[in-house]
Amino acid sequence: FKDDEITAMFKVLELDPPSAWALFRMLDNDGSFEVDPVEFLDGCLRHRGPAKSLDIAIVRNENRKLTEQVAAIQAKQEETANLLKKL
């Protein structure tokens with residue numbers, strides 16, 4: 001971060017820049033690269049407390065599906081690259 005005050009604040013919160021960026025993206029529901037007070041409050045309320053086993057199971061399932069989708073895309077790209085090499 002360029003702002004020393006923000007960097008110091010994250011240091012006090014023991015939040016490293018990649019984690020802070022991940023938190024920001026999670027709170028920025030509309031993708032505007034701004035977190036308005038409503039988004040901030042909604043995000044804080046939504047993410048308060050410890051993760052429940054169901055939450056973790058949902059994330060693991062979504063991660064598995066995304067991994068499968070990425071693998072399928074990679075296979076398709078390799079197939080396309082091989083076809084292009086033959087041209």
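Use the structure listed above.
Residues numbered from 1 in each chain as written. Predicted model: local features only at pLDDT ≥ 70, side-chain atom pairs only at ≥ 80, totals over all residues. Heavy atoms only, no water.

Caption draft 1: Seen up close, the overall build of the protein chain. Secondary structure summary: the protein chain contains four helices and zero strands in total. Starting at the N terminus and ending at the C terminus, the protein chain contains elements arranged as α-α-α-α. Its C-alpha atoms give the protein chain a radius of gyration of 19 Å, more than 25% over the compact-globule value 12 Å for 87 residues. Referenced to the eigenvectors of the C-alpha coordinate spread, the extents of the protein chain come out at roughly 55 × 35 × 25 Å. Across the 87 residues that make up the protein chain, the buried fraction comes to 7%. Looking at charge distribution, the protein chain has the averaged site of its 12 positive side-chain charges lying 11 Å from that of its 16 negative ones. (Helix = DSSP H or I, 4+ residues; strand = E, 2+ residues; numbered from the N terminus. Rg over C-alpha atoms; globule rule 2.2 N^0.38 Å. Buried < 20%, exposed > 50% of the residue type's maximum accessible area, 1.4 Å probe, protein only. Lys, Arg positive; Asp, Glu negative; His and termini not counted. Charge placed at Lys NZ, Arg CZ, Asp CG, Glu CD.)

Caption draft 2: Structural detail: helix 1 (residues 4-12). The opening residue of helix 1 is Asp3, an N-cap whose side-chain oxygen sits 2.8 Å from the backbone nitrogen of Glu5. Immediately beyond the C-terminal end of helix 1, within one or two residues, lies Glu14, with a positive phi of roughly 55°. (Polar contact = N/O pair within 3.5 Å; in protein donor to acceptor, adjacent residues only side chain to side chain.)

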